[in-house]
Each structure stands twice: as structure tokens, then as C-alpha cells.
Amino acid sequence: MSSIALKHNVSKEGFVLDVDTQIPDRGVTGVFGESGSGKTTLLRCIAGLEGPTGDDTTAVHRRRIGYVFQDAQLFAHLSVKKNIEYGMRRNGGAAISIDEVISLLELRDLLDRSVVGLSGGEAQRVSIARVLCQSPRLILMDEPLSALDERRRNDVLPYLDRLHAESSIPIVYVSHSIDEICRLSDHLLVLDNGKIVAEGDLQATLARTDLPQLGGKNAGTIIEARRMRYDEQFDLTLFDFSGGQLWLPGTSESDAVRLRVTASDVSLTRTAPESSTILNILAASIVEIRAEDTATNLVQLMLGNDLLLARITRRSTHELQLKAGDEVFAQIKSVTIRR
Amino acid sequence: MDFGPLWLSVQLAFTTTAILIVAGAPLAWWLSQTRSKLQPFVQALVAMPIVLPPTVLGFYLLILLGPNGAIGAWWVKVTGDALTFSFVGLVIASCIYSLPFAIQPMQNAFEALPKKNIEAAWTLGASRLDAFLSVAVPLSTRGFISAIVLSFAHTLGEFGVVLMVGGNIPGETRVVSIAIYDHVETLNYAAAHQLSMTLIAFAFVTLFGMFVINRRQLR
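The rules behind these values
Residues numbered from 1 in each chain as written. Chains lettered and ligands numbered in written order. Predicted model: local features only at pLDDT ≥ 70, side-chain atom pairs only at ≥ 80, totals over all residues. Helix = DSSP H or I, 4+ residues; strand = E, 2+ residues; numbered from the N terminus. Buried ≥ 20, exposed ≤ 12 C-beta atoms within 10 Å, placed from the backbone. Contact = placed C-beta atoms within 7 Å. Axes fitted to C-alpha atoms, helices over the stretch in contact; angles between N-to-C directions. Parallel < 35°, antiparallel > 145°, perpendicular 65-115°, else oblique. Left-handed = near helix turned anticlockwise from the far one by under 90°. Nonpolar A, V, L, I, M, F, W, Y, C, P; charged D, E, K, R; others polar. Pairing = 2+ DSSP bridges. Core = buried A, V, L, I, M, F, W, Y, C linked by C-beta atoms within 7 Å. Domains from an automatic or database assignment.

Caption draft 1: Quick look at the overall build of chain B. Secondary structure summary: chain B contains 11 helices and 0 strands in total. Helices and strands appear in chain B in the N-to-C order α-α-α-α-α-α-α-α-α-α-α. Referenced to the eigenvectors of the C-alpha coordinate spread, the extents of chain B come out at roughly 65 × 45 × 30 Å. For chain B, the proportion of its 219 residues judged to be buried stands at 39%. Partitioning the contacts of chain B with sequence separation of at least 6, the portion at a separation of at least 24 is 74%.

Caption draft 2: Region of the structure containing the packing of helix 4 (residues 120-132) of chain A against helix 5 (residues 150-166) of chain A. All names here are of chain A. As a packed pair, helix 4 and helix 5 sit with axes 8 Å apart at the nearest point and diverge in direction by 20°. Viewed along their axes, helix 4 and helix 5 adopt a mutual orientation that is roughly parallel. Where helix 4 crosses over helix 5, the handedness of that crossing is right-handed. On helix 5, the residues touching Gly 120, Gly 121, Gln 124, Arg 125 and Ile 128 of helix 4 are Arg 152, Asp 155, Val 156, Tyr 159 and Leu 163. Taken together, the residues of the contact of helix 4 with helix 5 break down into 4 nonpolar, 3 polar and 3 charged.

Caption draft 3: The pairing of strand 7 (residues 187-192) of chain A, seen in detail. Residue and element names in this part refer to chain A. Most of strand 7 is tucked away, with 5 of its 6 residues classed as buried. Pairing of strand 3 (residues 28-32) with strand 7 involves 4 bridges; the strand directions are parallel. Counted as the bridge partner of Thr 29 is His 187 from strand 7. Pairing analysis gives 6 bridges linking strand 7 to strand 8 (residues 195-201), with the strands arranged antiparallel. Note on strand 8: the bridge partner recorded for Leu 189 is Glu 199. Linkage of strand 7 to strand 8, two consecutive antiparallel strands, is achieved through a turn of 2 residues, within which Asn 193 is found at a positive phi near 50°.

Caption draft 4: Main features of the sheet that holds strand 12 (residues 256-262) of chain A. The strand order across the open sheet formed by 5 strands is 11-10-9-12-18 (chain A), and the pairing between neighbours is antiparallel. If you trace the sheet from one side to the other, it starts and ends with strand 11 (244-249) and strand 18 (336-337) of chain A, each paired once.

Caption draft 5: Spotlight on the environment of A:Val197. Residues and elements named next belong to chain A. In this fold, Val 197 is placed in strand 8. Classification of Val 197 by C-beta neighbours within 10 Å gives partly exposed; the count is 17. In this structure the C-alpha to C-alpha distance between Val 197 and Gln 134, which are 63 residues apart in sequence, comes to 33 Å. Non-local contacts of Val 197, meaning those with residues more than four positions away in its chain, are made with Val 190, Asp 192, Leu 211 and Gln 213.

Caption draft 6: Region of the structure containing the nonpolar core. Residue and element names in this part refer to chain A. Of all hydrophobic cores here, the largest spans 135 residues; its most connected members are Ala 129 and Leu 140. Two domains each donate at least three residues to this core, and these are domain 1 (3-206) and domain 2 (220-337). Excluding residues that lie within four positions of it along the chain, Leu 140 makes contacts with Leu 43, Ile 46, Ala 47, Ile 65, Gly 66, Tyr 67, Val 68 and Val 172.

Caption draft 7: Highlighting the interface of chain A and chain B. Taken together, the 18 residues of chain A in the interface contact 13 residues of chain B. Within the residue set of the side of chain A that touches chain B, elements represented by two or more residues are strand 4 (65-68) and helix 2 (80-89) of chain A. When residues of the side of chain A that touches chain B are assigned to their parent elements, the largest contribution, 3 residues, is made by strand 4 of chain A. Within the side of chain A that touches chain B, the residues separate by chemical class into 9 nonpolar, 7 polar and 2 charged.

Caption draft 8: Broad picture of the domain arrangement of chain A. Residues and elements named next belong to chain A. Per the domain assignment, the segments making up chain A are domain 1 (3-206) and domain 2 (220-337). A C-alpha centroid distance of 33 Å is found between domain 1 and domain 2. Contacts between the two partners involve 6 residues from domain 1 and, on the opposite side, 7 residues from domain 2. Elements that contribute at least two residues to the side of domain 1 that touches domain 2 include exactly helix 6 (178-184) and helix 7 (202-206).

Caption draft 9: Looking closely at the pairing of strand 17 (residues 327-332) of chain A. All names here are of chain A. Bridge count for strand 13 (residues 266-269) against strand 17 is 4 bridges, and the pairing is antiparallel. What sits directly across from Ser 267, in strand 17, is Gln 331. The pairing of strand 14 (residues 280-291) with strand 17 spans 6 bridges and is antiparallel. Each residue of the ladder has a partner; that of Ala 284, found in strand 17, is Val 328.

Caption draft 10: Highlighting the packing of helix 1 (residues 3-33) of chain B against helix 8 (residues 141-156) of chain B. All names here are of chain B. It is at 8 Å that the axes of helix 1 and helix 8 come closest, and there the two elements cross at 140°. When the axes of helix 1 and helix 8 are compared, the pair comes out oblique. For helix 1 against helix 8, the interelement crossing comes out right-handed. Contacts between helix 1 and helix 8 involve Ser 9, Leu 12, Ala 13, Thr 16, Thr 17, Leu 20 and Ile 21 on the former and, on the latter, Phe 144, Ala 147, Ile 148, Ser 151, Phe 152, Thr 155 and Leu 156.

Caption draft 11: The arrangement of the sheet that holds strand 14 of chain A in detail. All names here are of chain A. Taken in spatial order, the 5 strands of this open sheet run 13-17-14-15-16, and their pairing is antiparallel. A strand with exactly one partner marks an edge of an open sheet, and here the two such strands are strand 13 and strand 16 (306-313). If you compare each strand with its neighbour and ignore which way they point, the axes differ by 45° on average.

What follows is the structure, encoded as C-alpha cells:
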């Protein structure tokens, strides 16, 4: 697998962005960080909207890098269709057919409308279509959902899932929402104060215990699982992953799902409890234990090939005399299906 | 009615407006976008005709455009004609005199455009010029309408500069404002009334039309 080099060093008004790394040239690279960490500046540098200009840099319009802005930035004087065609006309036609894009984002009924009356979610779908039709080599998404309310966000997310599943164009997805990152990305960059503090495979990076940016309420990992069967009597679905099987409430539409398990929903026992209200209790081994603050520890667990995080008190760690290498049981209280 | 001066005024205003919009739009764009230290300097130069008495402009234009002036002498060499007291000379003078009335509405419209909208055009493959023509200009229609109406009306109404640079040659430089002055001087009030009332009606109708259009676009 080849990669895309990102090397950017800019400073403005006291803020310094200093990034030198490589990201995979396929799939979605999530860029996570608090506001002010330099996420948008990084995207603007990649697009050429910021940073050095001159003879040795490629002009913005020749880079063929699609940019999805937070607030769509459609052209108000053009119809939906003309907006979508804007980039296509300027890049010698689309590599994917405009028809495919229109069906992917379900825009057929909107084509002749003016963009002025569109809802936030519709506008964002049009802007994604516009970017796809310019046949970009890379797509940058700058918090594309953050300007939308909860409901509109859920209108757009399924399309991003489809894009992720069906498009071969690499995407850099910037967000301060760990939920969006967990749902959409495969690879993760964590940015803090203009510097990359962590990068790598999504699960492996999420499972790190040494990153305050991925601690606190953000602590948790993801698991890729397969749907096995549905239990009608209790309305539960069984999922299988490398570390065992999990029962989750309700049904699932897709065969392959991504599950999110947050650290505070996992507790540990030395022995398998004989009776517990918790359905999912799996054997695990402790990889490492790290103090999160004066009261709690984050424990990284290995289940099969998958990594989980558990948050436990330091007192429990002491009383159960837990240490790296120990075999334990992980009680997983709740799991959410991320896609 | 004496249509000659009226027709000449319309020709002058039309030519001046056309030149100011085509040449002024890029200047207005530059003024709205640049971070250059020269910006306030150029901005002040552009605004000068608003503040200066027309006689000051007219005086220096007369010198500059005259057969011994820098531009006038060159013009005589190239065409054989003098610039002063000619229609072409009037057009040059009017362009300078009405410049701020064309630049400022366009510049205001360009400044109101979201910067990211233009950046979106760039990332979609539009060059700077392409983005200006395909996004900035069509999104600034109101500014252009104001610029057209104001520079047309302002040119129609000029008097001092025209008198000094153009004089009073029928069919060449005798525009409507000069003609009215002439009629009043010779106590031909009837003719002065006719032309004046025409101008008043015209000024009101165009300004009214502009505000109606601007209001409609606002909604």
C-alpha cells in the first residue's frame, strides 16, 4: 500500500503547524483534535489555501484536491445541477459518472432547484457531490457535519458511510467528535497544538492509554464484528469478532458492523461471574495499566486480535492485584453500533 | 426640444460607464482582496474626485490633456488631433470624475462575498480569473447595478470638469448640463426648463429603478 506524504510547516499569529507524516492512499484518515489544534490549518495547507506560494508550489486549482467545507459553500447563483457540474467542467469531465454520484447522494429530485432553499443537510450532500464530480485525487472534509443539528447530521451520515464503502478516493476527515471519527475513519491522526501526537491504525491508536487527547470521555476503542444470528424471543443480535461473541439489543441491517466500546463501560473480574446481569463477559489478557488520574486507571486489554480499554479505579486494581500479563474477564456493559 | 446635447450626454455617459465597469471591476476586486500596503494609497486616490472641486480636476486635466501636456502631446502625435475640447477628452475626464462612483459599489459587493466561497471555486479547479468571472461577478450583481446607475447618472450630471476640459462645441462637447447653463445665460428659460425637467425625470426614474431592483434582490 502506498501513501500520501504530508509535510507542512506554517506559522501565523503565534500558532505553529508542524506536520511531517505519511497517510494511506486509500480509505479515510481521521484527523482528531480539539478546536485550535490546527486541524483546519492542516487541511488548508494540503489544499494550498494556506502556506507557501510561489513557483515551486502547485496552484490551488491545479491540485485536484476536493475540499468539503463546514458550511457547504455552494454557489448561490447556480442551480444544484450547475453547482455539481462546476468542478467537473474544469477538470475535463468526471472519472465517475455524474449519474452515479447523483444516485449515491440521492440528489435527483433536487437537481433543478436553486441552492438557496436547501436544508443544511441537503446543501452538504450537494457539496460532496460537487467534490466527487471534479475527480479529485484526494478529498478533504473539514467538519462537514458540525454546522448541522442532530437530525440533519443523521441525514448526511449514511451517505458518508456509503462514500466510505464505495469510493476509492482517499479522504482526510477532520472532526472534533470522537463518534464521527470512530464511525468513518480507518486511520487516525491526533493533532494537538499544531503537532501530530499520535497516528496509526484506528483501533490501535484509540487503544493507547498514554494520550490525554484520547482519554476522559473519549477513551474507548472500536471492534469490527460480523452479524451471526438474531434471537427473536429476547430481541438480541449475536455478533462475532476475534475475541469472542457479543449479544446486542435489537436487529442489525448489515452483516459487517463496527462496534464502539467506551472504557467506562468495561469492568474487570478475576473469575468468571456465575450469575450477572451483564450479558457480555469475555476472557481477556491485560496488556498494560496506566494511571489516568489519582483515582482511576486505564487498562488496555487484548481479546483475540482486538484491543479494548477498561476504566477501573486504582483501588480495584490494588485489591485485585492486577498487572500486565494477567488473564481476566471483561464485563462489557454496553456497546453501540457505529455503522 | 434641443436633442443634440441630450444625445451627446447619453453617449458620453454610456461610454464612460462601459469603460469604468470593465476596467474598474478588476481594480475594485484588487482593492477588496489585497493585503498590500499600497491598498489605502490607491483607495485614497480613487476617492479623491468625491472631495475635490470639479474645477481642480478640470484645471489639471486641462493641463495634462492639452497639446503641451504629457497625455495631450502624445495624443496629438499619434492621432493628429487635440484631446482638449474633444469628445475623447471628455470621456477621459468623465472616467476620472466618476471613478469612485463605479469602484465603491463594486468593491463593497466584493468585500461582502464569503472568502471561502471563492476558495471553494479555486479548489474545484477554477483559476483566479475564472473564479472572479464565474463566482465573484455573478454574486455581486447588486454592486454592479449600483455602479452602473451611479456612474451613468453622475457622468450625466457633471458640469465643471466638462466646462473646463471640453468647452462648449455643439455636437462634440456641448453636453446637456452645458446647454442648460447656456440657455440660462441667454435668458432662454423655456429651453432650460425643457432640458432640466428631462434630467430631473431621468435621474428620479433611474435611481428609483435601482432601489427597486436592489430591494428585490435582497429578498
